[in-house]
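# What the coordinates show
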Amino acid sequence: MCGIVGYIGKNKASDIILSGLAKLEYRGYDSCGIFFYDELSDKFVTYKDKGRVSHLVNDFDYSAMNHLAIGHTRWATHGRPNQENSHPHFSRSHRFGLVHNGVIENYRELVATYLENVTFASETDTEVIVNLIDHFAQELAVDAAIRKTLSLLEGSYALLIVDTHDPARIYAAKSKSPLL
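Within every chain, residues take consecutive numbers counted from 1 along the sequence as written. For this predicted model, a pLDDT threshold of at least 70 governs which residues receive local features, and a threshold of 80 or more governs which side-chain atom pairs are given and counted, while totals over whole chains, interfaces and linings are taken from all residues. With hydrogens and water set aside, each side-chain value is computed from the structure's full complement of heavy atoms.

## Some thoughts on the nonpolar core
- What we call a nonpolar core is a set of buried Ala, Val, Leu, Ile, Met, Phe, Trp, Tyr and Cys residues that are connected through their side-chain atoms within 4.5 Å. Partly exposed describes any residue whose relative accessible area lies between the buried limit of under 20% and the exposed limit of over 50%, with all areas from a 1.4 Å probe on protein chains only and scaled to the type maximum. L153 and I161 are the most contacted members of the largest nonpolar core, which totals 25 residues.
- Numbering of helices and strands runs from the N terminus; a helix is a DSSP stretch of H or I covering at least four residues, while a strand is a stretch of E covering at least two. Counting residues per element, the ones that place at least two in this core are β6 (96-104), α3 (107-114), α4 (126-137), α5 (142-152), β7 (155-163) and β8 (171-175).
- Per-element accounting of this core gives the leading share, 7 residues, to α4.
- Counting residues in hydrophobic clusters, the runner-up holds 18 residues, among them Y7, L21, V53 and L56.

## Things to note about the packing of α4 against α5
- With axes taken as lines fitted to C-alpha atoms, and helix axes fitted only over the stretch in contact, angles between N-to-C directions fall between 0 and 180 degrees. Running from amino to carboxyl end, α4 crosses α5 at an angle of 130°, the nearest separation of the two axes being 8 Å. Accordingly, the angle class assigned to the pair α4 and α5 is oblique. With respect to the hand of their crossing, α4 and α5 are arranged in right-handed fashion. Within the contact between the two elements, α4 uses I129, L132, I133, F136 and A137 and α5 uses A145, I146, K148, T149 and L152.
- Within the contact of α4 with α5, the residues separate by chemical class into 8 nonpolar, 1 polar and 1 charged. Angles below 35 degrees are treated as roughly parallel, those above 145 as roughly antiparallel, those between 65 and 115 as roughly perpendicular, and all remaining angles as oblique. By definition, any crossing whose near helix is turned counterclockwise from its far helix by less than a right angle is left-handed, and any crossing with a clockwise turn is right-handed. In what follows, residue pairs with any heavy atoms lying within 4.5 Å of each other are defined as contacts. The residue classification treats Ala, Val, Leu, Ile, Met, Phe, Trp, Tyr, Cys and Pro as nonpolar and Asp, Glu, Lys and Arg as charged. All others, Gly included, are polar.

## Description of the pattern of salt bridges
- Each salt bridge in this description consists of a side-chain nitrogen of Lys or Arg and a carboxyl oxygen of Asp or Glu lying within 4 Å of one another. All told, the structure shown has 3 salt bridges when counted by the stated rule.
- A salt bridge links R95 to D163; the shortest N-O distance between them is 2.9 Å. Pair noted here: R95 is in the loop between β5 (89-90) and β6 and D163 is in strand β7, with a separation of 68 residues, a long-range link.
- Judged by relative accessible area, D163 falls into the buried class, the value being 3%.

## So, the environment of G155
- Mapped onto the elements, G155 comes out in strand β7.
- On the accessibility criterion, G155 (10% relative accessible area) is buried.
- With 27 residues separating them along the chain, G155 and V128 place their C-alpha atoms 13 Å apart.
- Ignoring anything within four residues of it in the chain, the contact list for G155 reads V103, E105, S175 and K176.

## Overview of the sheet that holds β7
- Two strands form a pair only when DSSP identifies at least two bridges running between them. One open sheet accounts for 4 strands, arranged β5-β6-β7-β8; its pairing is antiparallel. The strands lining the two open edges of the sheet, one partner per strand, are β5 and β8.
- Direction of pairing for β7 relative to β8: antiparallel, over a ladder of 4 bridges. Counterpart to I161 in the pairing with β8 is Y171.

## Brief notes about the pairing of strand β3 (residues 43-50)
- With 8 bridges connecting them, strand β2 (residues 31-38) and β3 associate as antiparallel partners. By the bridge assignment, D38 is partnered in β3 with K43.

## Details of the pairing of strand β1 (residues 2-8)
- Taking burial as the measure, the 7 residues of β1 include 5 buried ones, the bulk of the element.
- Inspection of the sheet shows β1 paired to strand β4 (residues 68-74) by 7 bridges, in the antiparallel sense. For I4, the partnering residue across the bridge sits in β4 and is H72.

Below is the structure:
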């Protein structure tokens, strides 16, 4: 399982996420990552890799002004602990970013039914979720695409989702996994 942290507000989001990830790390994780909106350059920034949160804190630049971020610490359940399998994960269009705590039991069936033409960058069930959202967002509003995706998932999850077209909102959802 994993730990996820999200923040949107007046304070510097990357500081809050990194602090939250450090507090979760006592549980012993093998990889971590952060995704935040750099307001000055009007772009999203992602740092993720295998290893401890201290690597994430010390080896990357957080000088950007940011008030929205999501982060993740991971125990590998699907795929090896490496950069590709570390969260956050992104949809094929890079419109959506997502962190996930839990296990999606029917991810193979979902790929076969909806995503057989998608090339995945990781070995994770999480990447299936974010690509389903992207798939349904081609025809539906974002909130409806998320609800449609959630209706198909079997297993447990706590999710934080960011739509890069709307950097003022974080979507959250859960089933069986805790989410505060």
